[in-house]
Amino acid sequence: MSQKKRVNRREFLAEGGKAVGGLALLGAAIGGYGKQAASMPAYALRPPGALSEEDFLGACVRCGVCVKDCPYDILHLAEWQEEVALGTPYFIARDIPCEMCEDIPCVRNCPTGALNRTMEDIEKAEMGTAVLVDQETCLNLLGLRCDICYRVCPVLDEAITLERFHNTRTGSHALFVPTVHADQCTGCGKCEYACPLPVAAIKVLPDKLAKGEAGAHYRLGWKEKEKAGAALVTPDIEHQYNLPSGFSYDLLGDGLISPEQKGGQ
Amino acid sequence: MARKPVGEAALEHKGWWQSNRWLIFRRISQLSILTLFLMGPLASIWWVGELDNPFWVIKGSLASNVVLETVPLTDPFLYMQTLLAGQAFEMTALIGALIVTLFYLLVGGRAYCSWVCPMNIVTDSAGWLRRKFGLKKRCELSPRLRFLILGLVIVMSVLAGSMLWELVNPVTLFQRGILYGMGMGWIVVIAVFLYDLLWSRNGWCGHLCPMGAFYSLLGRFSYIRIRAAEREACDDCMDCFSICPEPQVIRPSLKGEHGVGPVIDESQCTNCGRCIDICGPEVFRFGSRFVK
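Residues numbered from 1 in each chain as written. Chains lettered and ligands numbered in written order. Predicted model: local features only at pLDDT ≥ 70, side-chain atom pairs only at ≥ 80, totals over all residues. Heavy atoms only, no water.

Caption draft 1: Spatial organisation of the packing of helix α1 (residues 8–18) of chain B against helix α2 (residues 21–39) of chain B. Residue and element names in this part refer to chain B. Contact geometry of α1 with α2 gives a least axis separation of 8 Å together with a crossing angle of 20 degrees. One element, α1, and the other, α2, form an angle in the roughly parallel class. In contact with W16, W17 and Q18 of α1, α2 contributes R21, I24 and F25. Taken together, the residues that form the contact of α1 with α2 break down as four nonpolar, one polar and one charged. (Axes fitted to C-alpha atoms, helices over the stretch in contact; angles between N-to-C directions. Helix = DSSP H or I, 4+ residues; strand = E, 2+ residues; numbered from the N terminus. Parallel < 35°, antiparallel > 145°, perpendicular 65-115°, else oblique. Contact = heavy atoms within 4.5 Å. Nonpolar A, V, L, I, M, F, W, Y, C, P; charged D, E, K, R; others polar.)

Caption draft 2: Broad picture of the packing of aromatic side chains. One pass over the full model with this rule turns up 14 aromatic pairs over all chains. When the ring of B:W22 is compared with that of B:F286, the centres are 4.7 Å apart and the planes differ by 75 degrees; the resulting orientation is edge-to-face. Taken together, the positions of B:W22 in helix α2 and B:F286 in strand β5 (residues 285–288) put the pair 264 residues apart, joining distant regions of the chain. Ring centres of B:Y104 and B:Y215 lie 5.3 Å apart, and the angle between their planes is 80 degrees; this geometry places the pair in the edge-to-face category. Placement of B:Y104 in helix α5 (residues 91–107) and of B:Y215 in helix α12 (residues 210–218) is noted, with a sequence separation of 111 residues between them. Under the relative-accessibility criterion, B:Y104 is labelled buried at 6%. In this structure B:Y215 comes out as buried when scored by relative accessible area, which is 1%. Here the aromatic cluster, defined as three or more aromatic residues joined through ring pairs, consists of B:F77, B:F103, B:Y104, B:Y112, B:F214 and B:Y215. Note that A:K68 overlies the ring of B:Y180, its terminal NZ or CZ placed 5.0 Å from the centroid. We note B:R220 situated over the ring of B:F221; from NZ or CZ to the ring centre the distance is 5.1 Å. (Phe/Tyr/Trp six-rings, centres within 6.5 Å; stacked < 30°, edge-to-face > 60°. Buried < 20%, exposed > 50% of the residue type's maximum accessible area, 1.4 Å probe, protein only. Lys NZ or Arg CZ within 6 Å of the ring centre and 35° of its normal.)

Next comes the structure, spelled out in structure tokens:
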């Protein structure tokens, strides 16, 4: 600024006050908007190896190298008025799911480490967790053997298993219930993509929505027993019945059994 | 004597090419950078001649990219925001930002604005229409406001631990939009255009854009500078002031006020070369900051 005008104090304060006021307004507006923009919609998934959402929004420079590096054109940079933070990469599983490339090309050239470049095993990805959100429309829960989500899962028979239950409606059939194991699920979205219903019954959700959390003090008896290699409590002593000679007692079944009954069997 | 329209004198003296060539060079520079990005691996056809084994000449966007699949380039303005937001130093981005910084120390910080940034085409068009229709300025904000906004960007990044400015930055929005899909982003670009056209001459680039402010600081002591080499020949036609996106930078060097040398050593000069084109008596030329 080589042609500085002399400004008196009053002018300086007036002009400075205007500027600071305007900036404060602008800052407040952007700050408020930023808070909203930081909440990812549940249908949007980040690429594999993404930092936590809070860190991701501070690290990602929105360059789109991951988009170009994805061989299947799955990733998309958020445009103006989309619900995802402007310019950041995401995908929608129902539109096109992650193919889980073994060499994970999308993370390799990330300049800022918003995606973990050193990630080696795509099966360790945590893009989200599949949840069978609708147990009333899922074909398997209606008693059919659709099994599509189970069969398309890239972590086959580990991330989704079919658990057998009694079909109480017919009384004589089985239900094969698709059951997601969160520690194995990468959130690739293949199951949601493949679900044959007009609206998927199984959906990949962000981990924070998909998972509950057990109390820190909870202990699962059977697991503790496995860990210890033996029962942790003294086994019950078998009950001794003081009965007349020849009699026996079946607690869960027939009750008192006389010698005649025994002989008759 | 009635004033001739802006550029008329240069046209008479030098012909069309000499009075438009830096503008043409800048448009070629801006468009070919975008074209290289858009062509992706197809661009390597110029090197390998066929596409059996294509490689990426440049991949990414102006925010950050990889050249020839090896050299990283990162926008220092964006990298600065990641650091302010509390993210760790990342070697790739750091190297990329340093290379870019060195480049602009050579060619002039705001050469980014006039030779690279596509938003320049939008605001130049608005400026051109403004001259064409003789629109008067409405509201003149201080050109120093952009430094306050730059300050705001810095403060917001630190306080929020997030790149808040990038949620609203029209410049990166436009650059990204051209390469990855604009969507509703056109609304923002048109808004900038209309603001420049109807409200304030060179309003966005010259008064508000914190990215330009950042680059002006980055290239404060850059090597290549325009100088008013033949300032004695100036016939006071004022065409350079009419066409310059930062007209306040010209006067000291052109008029030699307070013993200022002919080198336009002003951080806001974008090294666009429009003054060279538009000047009939050929006062201005590109040169080094050290040749006085």
